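Structure assessment
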Amino acid sequence: NDAFAETAEVASLACAMAVDADGGPLVVSYGDVLFRRHLLDMLADALAAAAADTLAAIAVDTAWQASRNRGHGRRPDFVTGSRPYGRGATIDKVTLQAMGCELGGRVDGEWMGLVRFSASGARRLAETLFAWQSEDAQGLAKAHMNQLFNRLVAEGNSIRVVYTTGHWLDVNHVDDLVLAGSFV
């Protein structure tokens, strides 16, 4: 993204999608996030068990109240799922209802900045980004990932929520670098 300093995350994703010719499944992760490998397996498993029309699976930390992103000048991506975390939520197929730094209703977790799109989901993502660019290039340039996910859901797409607790670290500050040393 040549305009990285003037744009937000969705613009960078749109740049990447414009040159991706693979057409297969797609993993998107923030570059400053460390996560345990098993989270990738959990997302792949959730997509494999989901209905064919499911676009993606997102990793959501249920310990959002303890998030290091709260109060540090960063915009946390809080999530409301079709049901909150609990015994049944690990068996039932929980879907994304809303994502944002402030939600008017129930908060079920914090998105970790890690998502896996199915092959058809990656194609749908590219179509959505292309349409958004065509209709509102300025809006896309300033859009954050939570806005993209909310748009995909509003268009009737299903996105699975995979609940977990911990197993990731968002590296934003010097003290996060110290924690990163013990994380790996």
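For clarity, every value in this text was computed on a predicted model and none was experimentally measured.

Observations concerning the overall build of the protein
- Secondary structure assignment for the protein yields six helices and eight strands.
- Start at the N end of the protein and walk to the C end: the helices and strands fall as α-β-β-α-β-β-β-β-α-α-α-β-β-α.
- In the protein, which comprises 184 residues, the proportion classed as buried is 44%.
- Once local pairs closer than 6 in sequence are excluded, the contacts in the protein between residues at least 24 apart make up 76%.
- As displayed, the protein has an accessible area near 9,300 Å², and 54% of this comes from carbon and sulfur atoms.

A closer look at the nonpolar core
- Counting residues in each nonpolar core, the largest one holds 34 residues, and the members touching the most others are I58, F117 and F149.
- Breaking this core down by element, the ones donating at least two residues are helix 1 (9-19), strand 1 (26-29), strand 3 (54-61), strand 5 (96-100), strand 6 (109-117), helix 3 (119-135), helix 5 (145-154) and strand 7 (158-164).
- For F117, the residues in contact, after removing those within four places along its chain, are P25, L26, V28, L47, L55, A56, A122, L125, F149 and L152.
- With nine residues, the next largest nonpolar core counts L39, A57, A59 and V162 among its residues.

Topic: the packing of aromatic side chains
- Within this structure, the stated rule accounts for four aromatic pairs.
- A ring pair is formed by Y30 and W111, whose centres lie 5.3 Å apart and whose planes are at 65 degrees; its orientation type is edge-to-face. Taken as a pair, Y30 in the loop between strand 1 and strand 2 (33-35) and W111 in strand 6 lie far apart in primary sequence, 81 residues in all. Pair check on accessibility: Y30 and W111 agree, each one buried.
- Each ring, one from W111 and one from F149, has its centre 5.0 Å from the other, and the planes form 75 degrees; the classification is edge-to-face. One end of the pair, W111, is in strand 6; the other, F149, is in helix 5, and 38 residues separate them in sequence.

Some thoughts on the confidence of the model for the protein
- Scored by pLDDT, the protein comes out at a mean of 86, with 83% of its residues at no less than 70.
- Mean pLDDT values over the elements of the protein span from 58, in helix 6 (residues 174-183), up to 97, in helix 5.

The rules behind the values
- Residues numbered from 1 in each chain as written.
- Predicted model: local features only at pLDDT ≥ 70, side-chain atom pairs only at ≥ 80, totals over all residues.
- Heavy atoms only, no water.
- Helix = DSSP H or I, 4+ residues; strand = E, 2+ residues; numbered from the N terminus.
- Buried < 20%, exposed > 50% of the residue type's maximum accessible area, 1.4 Å probe, protein only.
- Contact = heavy atoms within 4.5 Å.
- Areas by Shrake-Rupley, 256 points an atom, 1.4 Å probe, with all protein chains shown as cover.
- Core = buried A, V, L, I, M, F, W, Y, C linked by side-chain atoms within 4.5 Å.
- Phe/Tyr/Trp six-rings, centres within 6.5 Å; stacked < 30°, edge-to-face > 60°.
- pLDDT = per-residue confidence, 0-100.

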